[in-house]
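Structural features, examined
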Amino acid sequence: MGFRLPLMHRRILFLILFLGFVSSRLLAAADLGVAPSSLFGTTTCEGAYAGHLQGVCTDGRGALYWSWSDNLVKTDVQGRVLATMPVAYHHGDLCFQDGRIYVAVNFGKFNEPAGQADSWVYVYDGDTLAEVARHPVPEVVHGAGGIAYHDGVFLVVGGLPEGVDENYLYAYDESFRLLQRHVLASGYTVKGIQTAAYADGAWWFATYGDTRYVMRVDDDFALTGRWVFDASLGLAPLGNGAWLIGHNEKSGDQLHRGGVERVDFDAVKGPRLRRKP
């Protein structure tokens, strides 16, 4: 008869193997920059800020990053501030990749004909928010306002002059050399695209306007879906159809306060707010 572990030992071994499997899945999700969806829910960012919220993202490990136009803020999942960094106006939407925060920045005019913007991508350390690099992206001629990352490519989006019936998506390599300008047949959207992300096998973009939209775009940069929903102040993917959506309000003291709300995405019905954290 072969050797057989006692029942209690077998149960302990099974538990060890199970916990190892769960840990590996969580680390894999973190390496993709997508937080396990159970970590995050509706929360409020501590503090009040002169500029309005431009975007939010996560590090996939329990931290949230907020761009408040002229302040970067790092919080925990409860919205408690861990670090802040005053920055030059206008810092826009942001994304997390490999321990760093990438922010779309414009020092010129938005939504005007070419030649009036001054577009950059600024890079910050994910732990301290110290600035580590600056990359000019002059090809973003209507003003850099949003950024997302997937599979070695940073996609920068931004403003749009009135009456232009398509948006422009600028693909850069990891050294911010331009790879290609993609044309998105979106029709005119007010002030272009505000926030961007990649999740669940697609690019996602959100817009301003009296009617605000979330758009889904495939890897060939074809529009595959559009829903009426406001994610123009923050669009942070959690994976498996879950999102954090930014919001803010301007108070009587003229300062902005805000947070994120959890949204679940249905492939047919579109984004739906989850009322409970």
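Further up the page is the structure itself.
The text that follows walks through the structure, step by step, so that each part is easy to find. (Residues numbered from 1 in each chain as written. Predicted model: local features only at pLDDT ≥ 70, side-chain atom pairs only at ≥ 80, totals over all residues. Heavy atoms only, no water.)

Concerning the state of the cysteines
One pass over the full model with this rule turns up zero disulfides. The structure places no disulfide on Cys95, whose sulfur is separated from the nearest cysteine sulfur, that of Cys57, by 6.7 Å. Looking at Cys95, the relative accessible area reads 8%, which means it is buried. (Disulfide = S-S within 2.5 Å. Buried < 20%, exposed > 50% of the residue type's maximum accessible area, 1.4 Å probe, protein only.)

Remarks on the sheet that holds strand S14 (residues 195-199)
Across the sheet, four strands lie side by side as S14-S15-S16-S17; this open sheet has antiparallel pairing. Strands at the two margins of the open sheet, each flanked by one partner only, are S14 and strand S17 (223-228). Taken over all neighbouring pairs, the strand axes of this sheet differ in orientation by 20 degrees on average, direction set aside. Sheet topology places S14 next to strand S15 (residues 202-206); five bridges connect them, and they run antiparallel. Residue pairing across strands places Ala196 opposite Phe205, the latter belonging to S15. (Pairing = 2+ DSSP bridges. Helix = DSSP H or I, 4+ residues; strand = E, 2+ residues; numbered from the N terminus. Axes fitted to C-alpha atoms, helices over the stretch in contact; angles between N-to-C directions.)

Structural notes on the environment of Leu129
Assignment of secondary structure puts Leu129 in the loop between strand S8 (119-125) and strand S9 (131-136). The class for Leu129 is buried, based on a relative accessible area of 1%. Distance from Leu129 to Met85, taken between C-alpha atoms, is 6.2 Å for residues 44 residues apart in sequence. Sequence-distant contacts of Leu129, defined by excluding residues within four places in its chain, comprise Tyr65, Leu72, Val73, Lys74, Ala83, Thr84, Met85 and Tyr124. (Contact = heavy atoms within 4.5 Å.)

Describing the sheet that holds strand S12 (residues 167-172)
The strand order S10-S11-S12-S13 describes an open sheet built from four strands, whose pairing is antiparallel. Looking at which strands have only one partner, the edges of the open sheet turn out to be strand S10 (144-150) and strand S13 (178-184). Put simply, the sheet's adjacent strands are angled 25 degrees from each other on average, direction ignored. Both strand S11 (residues 153-158) and S12 contribute to a ladder of three bridges, which runs antiparallel. Opposite Phe154, over in S12, you have Tyr172 as the bridge partner.

Overview of the layout of surface pockets
In this approach, a probe sized like a water molecule rolls over the atoms, and the result shows the empty space that is left. If you add up the space inside the second largest pocket, you get close to 220 Å³. In terms of residue class, the lining of the second largest pocket is made up of four nonpolar, nine polar and one charged. (1 Å grid on protein atoms, 1.4 Å probe; cavity = no way out; pocket = protein on both sides within 12 Å on 5 of 7 lines; lining within 4 Å. Points joined across faces, edges and corners; volume = space filled by probe spheres on them. Nonpolar A, V, L, I, M, F, W, Y, C, P; charged D, E, K, R; others polar.)

Remarks on the pattern of salt bridges
By the definition in use, this model includes seven salt bridges. As a salt-bridge pair, Glu131 and Arg134 come within 2.5 Å of each other at their nearest N and O atoms. Of the residues examined, Glu131 reaches a relative accessible area of 38% and is grouped as partly exposed. Its relative accessible area of 47% is what places Arg134 among the partly exposed residues. Two residues, Arg257 and Asp253, come together in a salt bridge whose shortest N-O distance is 2.9 Å. (Salt bridge = Lys/Arg side-chain N within 4 Å of Asp/Glu carboxyl O.)

Topic: empty space enclosed by the protein
Counting across every chain of the model gives two cavities of 30 Å³ or more. One number sums up the size of the largest cavity: a volume of about 60 Å³. Lining of the largest cavity is provided by Trp204, Val214, Phe229, Ala231, Leu235, Trp243, Ile245, Val263, Phe265 and Pro271. The set of elements that each furnish at least two residues to the lining of the largest cavity consists of strand S19 (242-250) and strand S20 (256-266). Here the lining of the largest cavity is composed, by residue class, of 10 nonpolar, no polar and no charged. If you trace the second largest cavity, you find it lined by Val140, His142, Val157, Gly158, Gly159, Asn167, Tyr168, Tyr170 and Ile193. Going through the elements one at a time, S11 and S12 are the ones with two or more residues in the lining of the second largest cavity. Counting residues per element, the lining of the second largest cavity draws most heavily on S12, at three residues.

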